Amino acid sequence: MDIYVELQARVNLLEYHQKLLLKLLRDPNLEFYRVVIENGLSEHEVEAFNRLCENLNIKMEEQKAEGFIHFHPLFSEFLYSLPEKLNAKEVVQACLKQHLFEPLFTEFTKCL
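As named in an unreviewed UniProt entry, the protein is DUF1878 family protein, taken from Neobacillus niacini.

Next comes the structure, spelled out in structure tokens:
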């Protein structure tokens with residue numbers, strides 16, 4: 001990889017983490033941002049995570065409308081798609097604390 005491309009990627013990551021740190025200073029309950037920074041996730045990885053959660057949330061609502069009450073297959077899909085550097089239990093708890101995708105992660109706590 002070209003050294004300048006690698007350096008630019010690192011600068012971008014630092015800038016992204018700096019933005020998240022400033023938000024954390026204003027509100028220490030933004031627990032998911034702490035997880036993102038501690039695990040070195042990029043903005044792209046967080047966007048992909050958010051898309052995953054949006055899709056799973058939609059699937060869960062559709063399944064609830066059809067009468068489903070267990071969501072282990074959705075949880076398995078979540079685990080499969082979660083970046084390896086993240087701990088599922090920590091992510092679920094952090095997202096709940098930050099009020100992200102609450103219905104989805106409330107159901108996922110039952111699967112932990």
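Caption draft 1: Geometry of the overall build of the protein. What the protein contains, in helices and strands, is 6 helices and 0 strands. The N-to-C order of helical and strand elements in the protein reads α-α-α-α-α-α. Taken over the C-alpha atoms alone, the protein extends approximately 55 × 35 × 20 Å along its principal axes. Residue burial in the protein is summarised as follows: out of 112 residues, 34% are buried. Considering only intrachain contacts with a sequence separation of at least 6, the fraction spanning at least 24 residues in the protein is 61%. When the 12 positive and 18 negative side-chain charges of the protein are each reduced to one mean point, those points stand 4 Å apart.

Caption draft 2: Fine view of the nonpolar core. Formed by 31 residues in total, the largest nonpolar core has its most connected members in Phe32, Phe49, Phe78, Val91, Phe105 and Phe108. The element contributing the most residues to this core is helix H3 (residues 43–65), with 6 residues.

Caption draft 3: Region of interest: the packing of H3 against helix H4 (residues 72–81). At their nearest, the axes of H3 and H4 sit 10 Å apart, and the two run at 170° to each other. Between H3 and H4, the crossing angle belongs to the class labelled roughly antiparallel. On the side of H3, the interface is formed by Phe49, Leu52, Cys53, Leu56, Lys59, Met60 and Gln63, while H4 contributes Leu74, Glu77, Phe78 and Ser81. The residue makeup of the contact of H3 with H4, split by class, is 7 nonpolar, 2 polar and 2 charged.

Caption draft 4: Here's a closer look at the pattern of salt bridges. Under the definition given, this model contains 9 salt bridges. Put simply, Lys85 and Glu45 hold a salt bridge, and the shortest N to O gap is 3.6 Å. Highlighted residues: Lys85 in the loop between H4 and helix H5 (88–97) and Glu45 in helix H3, separated in sequence by 40 residues. Take Lys85: its relative accessible area is 40%, and that puts it in the partly exposed class.

Caption draft 5: Structural view of the packing of helix H1 (residues 3–26) against helix H2 (residues 31–38). Taken N-terminus to C-terminus, the directions of H1 and H2 make an angle of 150°; their axes are 10 Å apart at the nearest point. Our classification of the angle between H1 and H2 gives roughly antiparallel. Crossing geometry of H1 relative to H2 is assigned as left-handed. In this structure, H1 uses Tyr16, His17, Leu20, Leu21, Lys23 and Leu24 to contact H2, whose residues at the interface are Tyr33, Arg34, Val36 and Ile37. Partitioning the contact of H1 with H2 into residue classes produces 7 nonpolar, 1 polar and 2 charged.

Caption draft 6: Highlighting H4. Taken together, the buried positions of H4 are occupied by Leu74, Phe75 and Phe78. Relative to the axis of H4, the buried residues are bounded by an arc of 100° and lie together on one face. Relative to its buried face, H4 has exposed residues pointing more than 90 degrees away, namely Pro73 and Tyr80. Packed against the buried residues of H4 are H3, H5 and helix H6 (102–109).

Cut-offs applied
Residues numbered from 1 in each chain as written. Predicted model: local features only at pLDDT ≥ 70, side-chain atom pairs only at ≥ 80, totals over all residues. Heavy atoms only, no water. Helix = DSSP H or I, 4+ residues; strand = E, 2+ residues; numbered from the N terminus. Buried < 20%, exposed > 50% of the residue type's maximum accessible area, 1.4 Å probe, protein only. Contact = heavy atoms within 4.5 Å. Lys, Arg positive; Asp, Glu negative; His and termini not counted. Charge placed at Lys NZ, Arg CZ, Asp CG, Glu CD. Core = buried A, V, L, I, M, F, W, Y, C linked by side-chain atoms within 4.5 Å. Axes fitted to C-alpha atoms, helices over the stretch in contact; angles between N-to-C directions. Parallel < 35°, antiparallel > 145°, perpendicular 65-115°, else oblique. Nonpolar A, V, L, I, M, F, W, Y, C, P; charged D, E, K, R; others polar. Salt bridge = Lys/Arg side-chain N within 4 Å of Asp/Glu carboxyl O. Left-handed = near helix turned anticlockwise from the far one by under 90°. Arc of directions from axis to C-beta.

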